[in-house]
Structure formats: structure tokens, C-alpha cells
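What follows is the residue order along each chain.
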Amino acid sequence: MMEQGLAMAAAHLFTMKLLLHEPILIKPSEPTENLVYFLSNLDQINANIIKTVYVFEAPAPGSAEASKEPSLVLRESLTKVLNHYYPLAGRLGISAEGKLNVHCYGQGAVFVDAEATGSVSDLGDLTKPDPARLGKLVYEVPDVKTILDIPPVVVQVTSPPSLPSFLSYLWI
């Protein structure tokens, strides 16, 4: 009985291997306003970190989309999006009154490319997501002591060879 339980547990292990590239900062493509925004009272009470994973189907071989590097497309898009949503390129801080705020100085969002070996089946049934498995696809900022050490947006693009790409991000 115990052997069967161990075998089932081993079957649920995350077998996909990830090679993370060096994180880079993606800044807005144009200068943005230098402002400090206070967070809402609700955000003051309940500052959450949200981890999300999206799976994109690989384009058909030979199509125009197949020649585009997903990571490059997303980096170029992010630099444009941050022009309009520039607080996401800022950093969290604390005011003299002890309230959370966002310092909007265009520091940039963290972006990480990752390569994966394995298959999508290593992630299990995606209609019933397993946070422990999918969480492996979300970049963890090193040396985090408080929520202030995490940029508001962190993006990881994981590209398995000839498989769908995974876009994961966390945001505060």
C-alpha cells in the first residue's frame, strides 16, 4: 500500500527542467511622469501577490507567426505597454505616514527568458491547475525580505522546443 502511494507521489513530481536566463529590466519606451501614487485603503490592508500562468498554442509551422520569437515580441510589447501603465514600471515604497505607495520613476519590469525541456503533460491536467507545478513557471525574485523588494510586474517567458509558450507573471 505504501509503495503504491510513493509511486503515485513520484508520478506527480514536476519533471520539466527549466534553464533561466539572466533577468533584465524592461523600461517604458518613452519617458514617463515621475510621480508617487498612494495605494487605496483596501491595498493598504491586503497587499496581494498574484501569480498567473498563460499557455499559448505554438503557431503552425511555416506561418508568419512561427518565425517570430515569442520572447522578443513580448519584450517589445511590454516596453510600449509600460508607457501607458507606467506605475507598473515603478517600485513600491512606504510614505512618512507608513502607507504603501508606488514610486513611478520608470525603473522597469523584470523580464526573464526560460527554456524548458519536457512536455506540456509534465504540468498535469491544465483544466485542473496544480499551483505547485505551475508555480515553477513563475520567476521568484531572489533575496526578497518584504513585499517592497518585489517589482510590481515580473514576467517570465518559458519556451519549450516546438511546444506552446508559457507566459507567467506575478504582480502586486
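What counts and what doesn't
- Residues numbered from 1 in each chain as written.
- Predicted model: local features only at pLDDT ≥ 70, side-chain atom pairs only at ≥ 80, totals over all residues.
- Heavy atoms only, no water.
- Helix = DSSP H or I, 4+ residues; strand = E, 2+ residues; numbered from the N terminus.
- Buried < 20%, exposed > 50% of the residue type's maximum accessible area, 1.4 Å probe, protein only.
- Contact = heavy atoms within 4.5 Å.
- Pairing = 2+ DSSP bridges.
- pLDDT = per-residue confidence, 0-100.
- Core = buried A, V, L, I, M, F, W, Y, C linked by side-chain atoms within 4.5 Å.
- Axes fitted to C-alpha atoms, helices over the stretch in contact; angles between N-to-C directions.
- Phe/Tyr/Trp six-rings, centres within 6.5 Å; stacked < 30°, edge-to-face > 60°.
- Polar contact = N/O pair within 3.5 Å; in protein donor to acceptor, adjacent residues only side chain to side chain.

## A few points about the overall build of the protein chain
Of the regular secondary structure elements, the protein chain holds four helices and nine strands. N-terminal to C-terminal, the α/β element order of the protein chain is α-β-β-β-α-β-α-β-β-β-α-β-β. Out of the 172 residues belonging to the protein chain, those deemed buried represent 31%. For the protein chain, the proportion of contacts with a sequence separation of at least 24, taken over those separated by at least 6, is 74%.

## Notes on the pairing of strand β8 (residues 153-159)
Along any regular strand, the residues point their side chains to alternate faces of the sheet. Among the seven residues that make up β8, six are buried, leaving the element largely enclosed by the rest of the structure. The pairing of strand β7 (residues 109-117) with β8 spans six bridges and is classified as parallel. Across the sheet, residue Phe 111 finds its bridge partner in β8, namely Val 155.

## Quick look at the confidence of the model for the protein chain
For the protein chain, the average pLDDT comes to 82, and 84% of its residues sit at 70 or higher. When the elements of the protein chain are averaged for pLDDT, helix α1 (residues 2-11) gives the smallest value, 39, and strand β2 (residues 24-26) the largest, 96. Below a pLDDT of 50 lies the segment residues 1-12, which in the model reaches two contacts outside its immediate sequence neighbourhood of four places, other chains included.

## Observations concerning unusual backbone geometry
Residue Asp 143 is not a glycine yet carries a positive backbone phi of 60°. Relative to the assigned elements, Asp 143 resides in the loop between α4 (131-134) and β8. Given the relative accessible area of 67%, Asp 143 is considered exposed.

## Some details on the nonpolar core
Listed in full, the nine residues of the largest apolar core are Ile 26, Leu 78, Leu 82, Ala 89, Ala 109, Phe 111, Val 153, Val 155 and Val 157. Taken together, the elements giving at least two residues each to this core come down to α3 (70-84), β7 and β8. Top element by residues in this core is β8. It accounts for three residues. Excluding its chain neighbours within four sequence positions, the residues that come into contact with Ile 26 are Arg 75, Leu 78, Thr 79, Leu 82, Gly 108, Ala 109 and Phe 111. In terms of nonpolar packing, the next biggest core, distinct from the first, is built from five residues, Ala 116, Leu 123, Leu 134 and Leu 137 among them.

## Focus on the sheet that holds strand β3 (residues 35-38)
Within the open sheet, the three strands sit side by side as β3-β6-β5. Their pairing is antiparallel. Since the sheet does not close on itself, it has two edges, and those belong to β3 and β5 (91-94), each with one partner. With strand direction ignored, the average angle separating the axes of adjacent strands in the sheet is 35°. Pairing between β3 and strand β6 (residues 100-104): four bridges, direction antiparallel. Bridged to Phe 38 within β6 is Asn 101.

## A short note on the packing of aromatic side chains
A complete count under the given rule lists one aromatic pair for this structure. Ring geometry for Tyr 37 versus Tyr 86: centroids 6.4 Å apart, planes at 35°, classification tilted. Of this pair, Tyr 37 sits in strand β3 while Tyr 86 sits in the loop between α3 and β5; the two residues are 49 residues apart in sequence, bridging distant segments of the chain. Judged by its relative accessible area of 36%, Tyr 37 falls in the partly exposed class. Given a relative accessible area of 12%, Tyr 86 falls into the buried group.

## Describing the side chain of Asn 101
Tracing the backbone shows Asn 101 in strand β6. When its relative accessible area of 3% is taken as the criterion, Asn 101 is described as buried. Within the local environment of Asn 101, its side chain forms a polar contact with the side chain of His 103, the two groups lying 3.0 Å apart. Setting aside residues no more than four positions away along its own chain, Asn 101 makes contact with Val 36, Tyr 37, Phe 38, Leu 39, Arg 91, Leu 92, Gly 93, Ile 94 and Ser 95.

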